[in-house]
Amino acid sequence: MEYLAGFPNWRGHIRHSNPRLDEFKAVAVSGCIGIMVIDMPDAPLPRTVLGTFGYSESEIEKEALRLQYAIKQPMRWSIEVCRSLAPMTLEINRLKKEKDVFLIAHSYQTPDITYGVADSVADSYALSKEARDSPNQTILFSSVRFMAETAKIVSPHKKVLHPSPDAGCSLSDGITAEDIVNLKERHPGVPVVCYINTSAAVKAECDVCVTSSNYLGICKKLPGDKLIFVPDRFMGKHLQKSLKGIKEVVIFDGECEVHAEFTGEKIRTWRKNMSDHGIDLVVLSHPECDSEVLDESDFIGSSELLKDEAIRLASQGKRDLMLITECGTADRVLAETEDHLNLMGSCVMCKHMKKTQLEDILQALKDPYPEQIVDLDEETIRKAKKSIDEMFRLT
Ligand code: 13P
Ligand code: SF4
């Protein structure tokens, strides 16, 4: 058996100075499409290659070039790194075909996954729909646990593989089905809206599920003048502000540990520093951030919408952008535009999302462990599916 051993270690930033921003450290410069002064995680180190899975040197070289071209960050994702990944991406893509597997990956997965092996990359709303609609009978979901569970809920007859069963999420791990039962007892008859970042058991107790791309629209449409929103207190606060005078919103105290890192004060300071250098920043933020951050932002949207808006702005010559979110969104913007853009500020890495490696995907495809096959009881699926179907209906 041939295997690649080891996980990527991340090594120091490649530092570089942007002449317009002397006192800022320009980090991990993207060689081909512009200046990236965003503080990205350290660059990956090459994997230790134990085997080539029978691929020839020229096949590996061609695949390494394909990876490097698709990722479009040649300094962080060096040809040496891509060469060490190439046998694995070749083998995963071969196994996908052989076993008729549809591989979907969330935007926050690393670029070797999103641009090396994924059939589709998007935000949680779009991926739930793709899981539901894909004709393949096996789905491999490269992401955190609640997303793989959602795929199983929307397509119970399919086999859903989740390569990293212990990849959680601070939001979904911070609330239980019992918490929902207690809330319902305290607010009888009030509709319960749950963010998609919740377990199947929690979804089963809620009336409607929402995602970062539709929470405002769906909450506005619900009947009555009161709703319960769980578990994200920041998104809940944003809802309270947006629905003031229309609906009362009861919130829970969960938070995303990644987006909680950003504060309104940080955004104001970055904006001012850039403005002192004659740079008029456009700030794009994910709605899992504190509402103070959202108040300072020019655009609010899901991971997919943030990526699309950054690309649209760059195409119109608006190049100085700040992405207030997880680092995977910057990776996607860099890979999917040919326009020059300057990404400023700092992104934060989600340790749960980054748990999945190509090695895990390869292993789950070849011979999954029982815990890598998502298994939910029928009653939970039936009840949770109602809240997701209601989301599809109201979106
Ligand atoms: P998106 O639906 O915007 O991709 O968000 C999911 C998530 O977990 C963001 O932290
Ligand atoms: Fe959960 Fe936040 Fe990570 Fe998204 S970024 S998976 S909300 S911890």
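Heads up: the structure comes first, above all this text.
Just so you know, these numbers come straight off a predicted model, no measurement behind them. (Residues numbered from 1 in each chain as written. Chains lettered and ligands numbered in written order. Predicted model: local features only at pLDDT ≥ 70, side-chain atom pairs only at ≥ 80, totals over all residues. Heavy atoms only, no water.)

(A) Structural context of the pairing of strand β13 (residues 282-285). Going residue by residue along β13, you find V282 and L284 tucked away on one face and V283 and S285 tucked away on the opposite face as well. For β13 and strand β15 (residues 320-324), the ladder comprises four bridges, and the chain directions are parallel. Looking across to β15, one finds that L284 is bridged to L323. Two strands pair when backbone bridges link them, and β13 and strand β14 (residues 299-300) are joined in this way by two bridges, in the parallel orientation. By the bridge assignment, S285 is partnered in β14 with I300. (Buried < 20%, exposed > 50% of the residue type's maximum accessible area, 1.4 Å probe, protein only. Helix = DSSP H or I, 4+ residues; strand = E, 2+ residues; numbered from the N terminus. Pairing = 2+ DSSP bridges.)

(B) Highlighting unusual backbone geometry. The omega angle of the peptide bond from V230 to P231 is -10°, so this bond is cis rather than trans. Structurally, P231 can be placed in the loop between β11 (226-230) and α9 (233-242). Even without a glycine there, the phi angle at K72 is positive, about 55°. Here K72 lies in the loop between α1 (57-71) and α2 (79-99). Given a relative accessible area of 9%, K72 falls into the buried group. At D100, a position not held by glycine, the phi torsion is positive, near 55°.

(C) Expanded view of α1. Helix length check: α1, at 15 residues, gives a terminal C-alpha distance of 21 Å against a target of 21 Å (1.5 Å per residue), a fit within 8%. Those residues of α1 that are buried lie in contact with α2, α3 (111-114) and α13 (327-336). With its phi angle positive at about 55°, K72 sits one or two positions after the end of α1. (Expected span 1.5 Å × (residues − 1). Contact = heavy atoms within 4.5 Å.)

(D) Broad picture of the site of ligand 2. Around ligand 2, the neighbouring residues are Y108, C169, S170, L171, N197, C256, V258, E288, C350, H352 and M353. Tallied by class, the residues present in the shell around ligand 2 amount to seven nonpolar, three polar and one charged. (Near = heavy atom within 4 Å. Nonpolar A, V, L, I, M, F, W, Y, C, P; charged D, E, K, R; others polar.)

(E) Quick peek at the pattern of salt bridges. The full count for this structure, using the stated rule, is 32 salt bridges. Across the pair E63 and R66 runs a salt bridge whose closest N-O atoms are separated by 2.9 Å. Placement of both E63 and R66 in helix α1 is noted, with a separation of three residues, approximately one turn of the helix. When the shortest N-O distance is used, the salt bridge between D308 and K307 registers 2.9 Å. One network of salt bridges, with partners in common, ties together E304, K307, D308, R332 and E336. (Salt bridge = Lys/Arg side-chain N within 4 Å of Asp/Glu carboxyl O.)

(F) View of the sheet that holds strand β12 (residues 248-251). Spatial strand order, β10-β9-β11-β12: four strands in an open sheet with parallel pairing. Unpaired on one side and paired on the other, β10 (208-210) and β12 mark the two borders of the sheet. The average angle at which neighbouring strand axes cross in this sheet is 30°, direction not considered. On top of the sheet, helix α6 (residues 177-186) reaches β9 (192-195), β11 and β12; it is set at about 165° to β11, its chief contact. (Axes fitted to C-alpha atoms, helices over the stretch in contact; angles between N-to-C directions.)

(G) Representation of the site of ligand 1 in the model. Taken together, H106, Y108, D123, S124, M147, N197, S212, H259, H286, E288, S302 and S303 make up the full set of residues adjacent to ligand 1. S124 has a polar side-chain atom sitting 2.4 Å from an oxygen atom of ligand 1. Between N197 and ligand 1, the recorded distance is 3.1 Å, taken from a side-chain N or O atom to an oxygen atom. Summarising the interface, the protein chains cover 96% of the accessible area of ligand 1, which totals 300 Å² for the free molecule. Within the shell around ligand 1, the residues separate by chemical class into two nonpolar, eight polar and two charged. (Polar contact = N/O pair within 3.5 Å; in protein donor to acceptor, adjacent residues only side chain to side chain. Areas by Shrake-Rupley, 256 points an atom, 1.4 Å probe, with all protein chains shown as cover.)

(H) Main features of the pairing of β15. Here β15 lies mainly inside the structure; five of its five residues are buried. Covered by surrounding structure in β15 are D320, M322 and I324 together with L321 and L323, the residues of both alternating faces. Bridge analysis of β15 against strand β16 (residues 342-344) gives three bridges, and the strand direction is parallel. If you follow L321 over to β16, its bridge partner there is L343. Where the polypeptide runs from β15 across α13 and back to β16, its parallel neighbour, the crossover connection is right-handed. (Right-handed = clockwise from strand over helix to strand, strands pointing away.)

(I) Representation of the state of the cysteines within the structure. In the structure shown here, the tally under the stated rule is one disulfide. Each sulfur of the disulfide joining C327 and C347 lies 2.2 Å from the other. Judged by the torsion about the S-S bond (100°), the C327/C347 disulfide is right-handed. Here C327 is found in helix α13, whereas its partner C347 is found in the loop between β16 and α14 (358-366), with 20 residues between them in sequence. C347 matches C327 in its accessibility class, with the two residues each being buried. (Disulfide = S-S within 2.5 Å.)

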